[in-house]
Amino acid sequence: MEGFSYVDIFATKHIEYLLVIGFLLLFIPFWRLLNRPARAVFEAAERIVPAISEWFRLPEKVYYHPGHSWAVQEGNQLVKVGMNDFAQKLVGKIQAIQMPALGSTIRQGDKGWTLKVDSKAIDMLSPVDGKIIDINEELIRSPQNINKDPYDSWLMKVEAPRFSVNKRQLLQGTLAKKWMEEVRENLLSRMNYNLGLVYQDGGLLVDGMARNLDREKWDEIVKDYFLITEG
Amino acid sequence: MKEIAAAGEIKNLKDFWAFIRSELKPKGKLLTPFNVISLPIILVGVVLIVYRLVKGLGAVTNLSQDFPWGIWIGFDVMVGVAFAGGAYILTFVVYILRNEKYHPVIRATVLNGFLAYVFYAGAILLDLGRWWNIVNPVLGNKFGVNSVLFLVSWHFLLYMISLFIEFSPAVAEWLGFRRIRKIVGSLTVGAVIFGIALSTLHQSGLGALFLMAKDKIHPLWYTEFIPVLFFTSSIFAGLSMVIFEGTISHKVFGNQLTHEDHASFNKIMLGLGKACAGAMFVYFFMKILILIHGKQWGLLASPMGYWYLAEILGFVLLPCFMFLRGVRYENFSIIRIAAILSMLGIIINRLNISVIAYKWYVPLSQRYIPSWMEIVITLTILLIEVWVFRWIVNRMPVLRKSPEWALEEETHEKATPLRKEAPQWKASAM
Amino acid sequence: MGINRRSFLKVLGGGVVGGGLVGVASGSIVTPGKFKAEATVPPKEFLGILVDTAKCVGCRSCEAACAEANHLPVPDIADDSAFKKERQPTVTQLMVINRYQTDQGEVFVKKQCMHCNQPGCVAACLVKAMEKRKEGPVTWEKNCMGCRYCMPSCPFDIPKFEYHSANPKIMKCTMCWDKLEKGEKPACVENCPENALIFGPRKQLIEEANRRIYQKPGEYLTHIYGEHEVGGTGFLYISKVPFEKIGFRTDLGTIAYPEYSKGFLYSVPIVLLLWPAFLIGINTLTKREEDARRKGGEKR
């Protein structure tokens, strides 16, 4: 072995460190890009998904609670309550409903009734304060009627002396429309603009949208929309 | 003879044999194009295998003193094992991280992994010159623990057992053995954890085999980091194979799947595509890092250098960006093509290290080029594996849902441990 | 968590002990011959052979003697045409003499297994068919599986495989180990008429080589090939012309070949320790999360 044979074994170390820093700087945007759907997909979703009035029925003279229950004035201080179209599409086929006993009091924003869907129990919040004076027995026998027509199927009739005050917390008319649009946006973003929930013609897969979003944790999604907090 | 329709009716040994007999009958058409093409190849291959066992390796292969390892090692074993990498990654995701999204494909992936290792162990057996001594690394008193191959062979054996345990619930469900199903079901997580550690080591170990061929492999491919590169590439190799095989299975076995399964598979493909893109991005950077660390950039301006660039640009970087585009635009065709390209890249990479860049300085006339007999035997092994896969999928609950009693068991299993543990956690958890 | 924590610690503890054992075992096997020699016999040097290429006249008596001693077909050593091309040992000829034309005239070089101090083939063999004997030679045993891993692992490409046979062997020079056991000398050394082959303990051979080099300064190259190459070999060569001109690879480095796999092999017990520990940990964490979720769903 002739000649000067010093070998700098760390000769390339500074370039290597620069390369690693470069990798980190590039990988993070790469990964974020990977996880954001393309503009085109986003816009396609916007195009296919029609106005909210065709997705979720939102009748005019109804007052909606942000937790997706509704209230309609029947007569003097008498109010019908139920769950709205978005709620029933979200949970899908309802197997059973548990309602409080006749004569008991419900408060606005507290637990109103419980749905039994696919062996899980989901609460919904009551839209008004009052005393329960009638329960829809037919609905308890056949809860699927809610899926058929959520606004025709009233759950309870409530004596609500403070309905005018309750109304201030409820949404109606244009406000309700705006709210529904926000809900739709929220739903779209949860789908990650993945149109797995929508048929080609824009019809909505209604086999319980929550279940299509997440087979295991769908109840958490529902509780999110129904404003049920753990506790 | 009693006709046993469902496994649940087995009451005694007679019933059992009747059931097995009925299962052995072919299901479906016999004269499909696939059968017609594959059967003659398999028959020729079996004859060649016997010929090889009787006459020795030289009669059937083009192996030489300069090239002791050919496509049976370079392709069957090294590529096959890389493609089976989907099993350890997806079992990690489904059983350790408990991500249920990938549950629909987990059984098929584990089955594929198990069959891959079994059949490629068979390929190794054929490649061994003194195959009757194959038990020596396992039994006996002369263990070459200093050998990387010792480690690889033990891991193959242990990993095959792990994969079988992971797959055995499906077998138990097929046979209707409820108690056994419960027992092997409880072993799953342990087998998965063991399997992931084993896989890490033997995926990288296959690369480590070439560490002592330092002066024979072209410097662009030889590096002390070969094991790390093999391990990283096994991630996207395995997942690409899941995409590839899943797509084919969904077409061929579509009758076992529900509409929900098809929809969920698309979501799964997106997730797999994302993982492949990420892994390939990292792998590409690793290759560049190693290039710089070894000061090899000067070698890029040579025929082998161009081939190297073709491998990492055309078959790593390109499919990486194709995955990126396919995932973002939800274009499943692009994702599928990207998967095929990345699989080709793995084949090229493993063949480079074992046969092409190995002794690259030997002129073409003296190089190893596989004989038609080697190729036929390789195809035979692959085709028999596909036949076995098809046999199993048509009979056992791999793609279709498990029987009711098994599903109930599963939800019950998941629910019960809670009651045992709850009291202990009350104080500390919240 | 009581049960899980216990089993977690059990696994960890078992892994530490197991990993330690494997680590110790693998560390000790890397230097098989030396370790064995120190444990069973008083310290000795490996035996080797010094090849003085300046003294070799190319008579090929060693080729004939080797073939006879190994019961292989004896080559026609009078036939000069053998020197036309550079030859390799084969399955039927365990050593060859090659002739090189240099600016100092014809040089004849004996080529055979180098019997490295730390052989790559021994590190590669998973059934210990390739063994470094305590006397020095590297030999092959019949418990071989025929995997041919020794072949890519040899820096000198020496092991040759009998592809034509259904009961194949690996053929290479054994330094006549069975003769050494009887106290005799290797056949090639005994039959060399020119004293070009010296047999003895490695240290003495290096001394002899240096003596020859420095006795006539300027004639021999001041380099003993095999003294340090790939960690040192049993066959040592001295020459009057540069080694790369007479068929030697001079780019092999001084690191013993088993060292290249050492890093990977040492990581094995570490992975087998860390991975299960981490995975059990993650499994427990995700299980807790899943149970909490389930608990919440079942409450009402």
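What counts as what
Residues numbered from 1 in each chain as written. Chains lettered and ligands numbered in written order. Predicted model: local features only at pLDDT ≥ 70, side-chain atom pairs only at ≥ 80, totals over all residues. Heavy atoms only, no water. Helix = DSSP H or I, 4+ residues; strand = E, 2+ residues; numbered from the N terminus. Buried < 20%, exposed > 50% of the residue type's maximum accessible area, 1.4 Å probe, protein only. Contact = heavy atoms within 4.5 Å. Areas by Shrake-Rupley, 256 points an atom, 1.4 Å probe, with all protein chains shown as cover. Rg over C-alpha atoms; globule rule 2.2 N^0.38 Å. Expected span 1.5 Å × (residues − 1). Arc of directions from axis to C-beta. Pairing = 2+ DSSP bridges. Axes fitted to C-alpha atoms, helices over the stretch in contact; angles between N-to-C directions. Salt bridge = Lys/Arg side-chain N within 4 Å of Asp/Glu carboxyl O. Buried area = accessible area lost by both parts, 1.4 Å probe. Polar contact = N/O pair within 3.5 Å; in protein donor to acceptor, adjacent residues only side chain to side chain. Nonpolar A, V, L, I, M, F, W, Y, C, P; charged D, E, K, R; others polar. Phe/Tyr/Trp six-rings, centres within 6.5 Å; stacked < 30°, edge-to-face > 60°. Patch = residues over 30% accessible without salt bridge, like charges linked within 9 Å, V, L, I, M, F, W, Y side chains within 5 Å. Lys, Arg positive; Asp, Glu negative; His and termini not counted. Charge placed at Lys NZ, Arg CZ, Asp CG, Glu CD. Parallel < 35°, antiparallel > 145°, perpendicular 65-115°, else oblique. Left-handed = near helix turned anticlockwise from the far one by under 90°. pLDDT = per-residue confidence, 0-100. Core = buried A, V, L, I, M, F, W, Y, C linked by side-chain atoms within 4.5 Å.

Assigned secondary structure in chain C consists of 9 helices and 9 strands. Burial status across chain C gives 53% buried among its 300 residues. Partitioning the contacts of chain C with sequence separation of at least 6, the portion at a separation of at least 24 is 58%. Carbon together with sulfur atoms contributes 57% to the accessible area of chain C, which is approximately 13,800 Å² in total.

Looking now at the overall build of chain B. The helix and strand tally for chain B stands at 13 helices and 0 strands. Going from N to C terminus, chain B has its helices and strands arranged as α-α-α-α-α-α-α-α-α-α-α-α-α. Taken over C-alpha atoms, the radius of gyration comes to 23 Å for chain B, in line with the 22 Å a tight globule of 430 residues would show. Taken over the C-alpha atoms alone, chain B extends approximately 65 × 60 × 50 Å along its principal axes.

Okay, helix α8 (residues 202–215) of chain C next. Residues and elements named next belong to chain C. The end-to-end C-alpha distance of α8 is 20 Å, a good match for the 20 Å that 14 residues give at a rise of 1.5 Å each. Taken residue by residue, α8 has Arg202, Leu205, Ile206, Glu208, Ala209, Arg212 and Ile213 as its buried positions. For α8, the angular spread of the buried residues around the axis is 160°, confining them to a single face. When the buried face of α8 is taken as reference, the exposed residues oriented beyond 90 degrees from it are Lys203, Tyr214 and Gln215. Of the surrounding elements, those touching the buried residues of α8 are β1 (47–52), β8 (197–201) and β9 (235–238).

What follows deals with the sheet that holds strand β6 (residues 111–117) of chain A. All names here are of chain A. An order of β4-β6-β7 is seen for the 3 strands of this open sheet, with the pairing classed as antiparallel. Each of the sheet's edge strands pairs with one partner strand only, and the pair in question is β4 (96–98) and β7 (120–125). Taking the axes of each pair of neighbouring strands and ignoring which way they run, one obtains an average angle of 25° across the sheet.

What follows covers the pattern of salt bridges. All names here are of chain C. Inspection of every chain in the model, using the stated rule, returns 30 salt bridges over all chains. The salt bridge involving Glu219 is made with Lys240; its shortest N-O contact spans 2.7 Å. Here Glu219, found in the loop between α8 and β9, pairs with Lys240, found in the loop between β9 and α9 (258–298); they are 21 residues apart in sequence, far enough to count as distant. Residue classification places Glu219 among the partly exposed positions, given a relative accessible area of 33%.

All names here are of chain C. Strand order across the open sheet formed by 3 strands is β8-β1-β9, with mixed pairing between neighbours. Strand pairing shows two members of the sheet lacking a second neighbour, β8 and β9, which therefore form its edges. The average undirected angle you get between the axes of adjacent strands in this sheet is 25°. As paired strands, β1 and β9 are joined by 4 bridges and run parallel to one another. For Ile49, the partnering residue across the bridge sits in β9 and is Phe235. The strands touched by α8 within the sheet are β1, β8 and β9, with β8 carrying the most contacts at an inclination of about 135°.

With 67 residues of chain B at the contact, the number on the chain C side is 65 residues. Of the roughly 5,900 Å² buried between chain B and chain C, counting both surfaces, carbon and sulfur atoms make up 60%. At the boundary of chain B and chain C, one finds 5 salt bridges. Between Asp157(C) and Lys359(B) there is a salt bridge, with the nearest N and O atoms lying 3.0 Å from each other. Across the contact surface, chain B and chain C share 35 residue pairs in polar contact (both at pLDDT 80 or more). Secondary structure elements with two or more residues in the side of chain B that touches chain C: α2 (33–55), α4 (86–96), α6 (148–175), α7 (178–208) and α13 (404–429) of chain B. In terms of residue class, the side of chain B that touches chain C is built from 41 nonpolar, 15 polar and 11 charged.

All names here are of chain A. Under the criterion given, the structure shown has 40 aromatic pairs over all chains. Measuring from ring centre to ring centre gives 5.2 Å for Phe86 and Tyr225, while their planes differ by 75°; the resulting arrangement is edge-to-face. Of this pair, Phe86 sits in helix α4 (residues 85–91) while Tyr225 sits in helix α10 (residues 218–225), and the two are 139 residues apart along the sequence. We note that Phe86, like Tyr225, is buried.

Right, let's get into a negative patch on the surface. Together, Asp178(C), Glu181(C), Glu184(C) and Glu190(C) give the surface a local cluster of negative charge. The class of Glu184(C) is partly exposed, set by a relative accessible area of 35%.

A word on the packing of α6(B) against α7(B). All names here are of chain B. The contact between α6 and α7 brings their axes to 7 Å, and the two run at 150°. Classified by the angle their axes make, α6 and α7 are roughly antiparallel. The element α6 and its partner α7 pack so that their crossing is left-handed.

To continue, consider the confidence of the model for chain C. As a general rule, the predicted coordinates of low-pLDDT regions are not to be interpreted in detail. All names here are of chain C. Here chain C averages 85 in pLDDT, and 83% of its residues register 70 or above. pLDDT under 50 marks residues 13–42. Its contacts with residues more than four places away, or in other chains, come to 27 contacts. This complex was scored by the predictor with a pTM of 0.78 and an ipTM of 0.87.

A few words now on the pairing of strand β9 (residues 156–159) of chain A. All names here are of chain A. Pairing of strand β3 (residues 78–83) with β9, which is carried by 4 bridges, proceeds in the antiparallel orientation. Directly across from Val81, in β9, lies its bridge partner Met156. With 4 bridges connecting them, strand β8 (residues 130–135) and β9 associate as antiparallel partners. Across the sheet, the residue bridging to Ile132 is Val158, located in β9.

Residues and elements named next belong to chain C. Positioned with a positive phi, Asp157 is a non-glycine residue whose angle comes to about 55°. As for its placement among the helices and strands, Asp157 is situated in the loop between α5 (150–153) and β6 (160–161). In this structure, Val230 is a non-glycine residue whose phi angle is positive, near 40°. For Val230, the location among the structural elements is in the loop between α8 and β9. For Val230, a relative accessible area of 1% puts it in the buried group.

Turning to a nonpolar patch on the surface, a few remarks are in order. A contiguous nonpolar patch, built from Leu53(B), Leu125(B), Trp131(B), Trp132(B), Ile134(B), Val135(B), Val138(B), Leu139(B), Leu157(B) and Ile161(B) and spanning about 790 Å² of accessible area, is present on the exposed surface. Its location among the elements puts Ile161(B) in helix α6.

Now for the nonpolar core. Counting 208 residues, the largest nonpolar core has Phe167(B), Phe323(B), Ile49(C), Tyr149(C), Phe156(C) and Tyr237(C) as the members making the most contacts within it. A total of 16 residues in this core trace back to one element, the largest contributor, which is helix α9 (residues 259–293) of chain B. Setting aside anything within four residues of it in sequence, one finds Phe156(C) in contact with Lys111(C), Met114(C), Cys116(C), Tyr225(C), Val230(C), Thr233(C) and Leu252(C). Grouped together as the second largest cluster of nonpolar side chains are 53 residues, Tyr64(A), Met83(A), Val158(A) and Trp179(A) included.

Tracing the backbone shows Arg212(C) in helix α8. In this structure, Arg212(C) is in contact with Asp52(C), Lys55(C), Asn195(C), Ile198(C), Tyr220(C) and Ile238(C), ignoring residues within four places of it in sequence.

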